[in-house]
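# Notes for the structure review
Residue-level listing of the chains:
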Amino acid sequence: MHKIEDNLTQVKRVIQQAAERASRNPNEITLLAVSKKQSAQTITKAYNAGQRSFGENYVQEAIDKKNALQHLDICWHFIGPIQSNKTKVIAENFSWVHSIDREKIAQRLNDQRPVNLPPINVCIQVNIDREATKSGVFLEDVSALVACIHKMPRLSLRGLMAIPEPGDEASQHESFRKMKNLLDDINEKAVNTNQPLDTLSMGMSADLTIALAEGSTLVRVGTQIFGKRD
Ligand SMILES: *Cc1c(COP(=O)(O)O)cnc(C)c1O
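Report follows, based on the coordinates. (Residues numbered from 1 in each chain as written. Predicted model: local features only at pLDDT ≥ 70, side-chain atom pairs only at ≥ 80, totals over all residues. Heavy atoms only, no water.)

## Looking at the packing of aromatic side chains
For any pair of aromatic rings, geometry is given as the distance between the ring centres together with the angle between the planes. Evaluation of the coordinates by the stated rule reveals 2 aromatic pairs. With 6.2 Å between their ring centres and 40° between their planes, Phe54 and Trp76 make a pair best called tilted. Within this pair, whereas Phe54 is found in strand β2 (residues 53-56), its partner Trp76 is found in strand β3 (residues 75-78), the two being separated by 22 residues in sequence. Trp76 carries the same exposure label as Phe54, and that label is buried. Arranged with centres 5.3 Å apart and planes meeting at 75°, the rings of Phe78 and Phe94 form a pair that is edge-to-face. Of this pair, Phe78 sits in strand β3 while Phe94 sits in the loop between α4 (87-93) and β4 (96-100), and the two are 16 residues apart along the sequence. For the pair Phe78 and Phe94, one class covers both residues: buried. The positively charged end of Arg52 is found above the aromatic ring belonging to Tyr47, 3.7 Å away from the centroid. (Phe/Tyr/Trp six-rings, centres within 6.5 Å; stacked < 30°, edge-to-face > 60°. Helix = DSSP H or I, 4+ residues; strand = E, 2+ residues; numbered from the N terminus. Buried < 20%, exposed > 50% of the residue type's maximum accessible area, 1.4 Å probe, protein only. Lys NZ or Arg CZ within 6 Å of the ring centre and 35° of its normal.)

This is the structure:
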């Protein structure tokens with residue numbers, strides 16, 4: 001069975017084609033394999049096919065798999081909602097966190113990041129379509145949170161993340177485009193001392209080509225790699 005390997009090849013082909021259509025360099029696009037609810041064994045199959053970045057949503061499940069896979073050179077990303085009693089474990093175990101949605105969480109991750117590890121790479125999650133059921137900050141509150149995080153030495157602010165509302169293609173294009181404009185705005189206004197934000201974490205199995213057309217630099221793909229979750 002080479003299914004996962006074939007799926008990875010196919011997803012990479014889709015990314016390559018979307019990048020070419022947008023006149024973008026495909027090497028600047030990161031494929032994050034979203035492995036929530038997948039076993040350590042399944043993750044190993046993707047790893048053996050060359051995949052190195054994996055995204056997880058549930059803290060305890062992620063730590064169990066990370067411990068089982070310590071011998072592998074995996075870059076672990078946390079992409080799920082964050083409760084404040086989980087920040088310490090996240091700060092100790094992940095290289096990236098995509099789902100920062102308030103100052104309190106950012107501050108705790110900063111304070112709890114172990115000194116022997118480099119700063120955690122973080123993205124601010126934006127609730128781009130203002131959905132009541134979704135986490136993330138509203139567009140107008142992003143720049144205040146950016147300013148806060150820039151003052152936290154143990155966090156490296158890399159960019160923005162969003163999950164648009166399900167809808168027709170036109171509305172998804174528009175949501176992703178708003179994100180790209182927001183990132184460009186932040187970078188234009190940034191004082192020279194701050195590193196420019198280089199990451200737009202957007203696009204999942206169902207909408208990755210649309211996200212890439214609008215400037216995504218990192219797509220978070222589960223189903224198209226591992227199949228349907230139960
Ligand atoms: C589950 C999940 C994904 C992957 O979704 P698929 O549709 O399976 O590709 C991406 N991002 C986040 C935040 C998720 O929770």
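## Comments concerning the site of the ligand
The full set of residues close to the ligand is Val34, Lys36, Asn57, Ile79, Ile163, Met204, Ser205, Arg220, Val221, Gly222, Thr223 and Arg229. Asn57 places a side-chain nitrogen or oxygen 2.7 Å from an oxygen atom of the ligand. Between Ser205 and the ligand, the recorded distance is 2.5 Å, taken from a side-chain N or O atom to an oxygen atom. For the ligand, whose unbound accessible area comes to 390 Å², protein coverage reaches 89%. Taken together, the residues of the shell around the ligand break down into 5 nonpolar, 4 polar and 3 charged. (Near = heavy atom within 4 Å. Polar contact = N/O pair within 3.5 Å; in protein donor to acceptor, adjacent residues only side chain to side chain. Areas by Shrake-Rupley, 256 points an atom, 1.4 Å probe, with all protein chains shown as cover. Nonpolar A, V, L, I, M, F, W, Y, C, P; charged D, E, K, R; others polar.)

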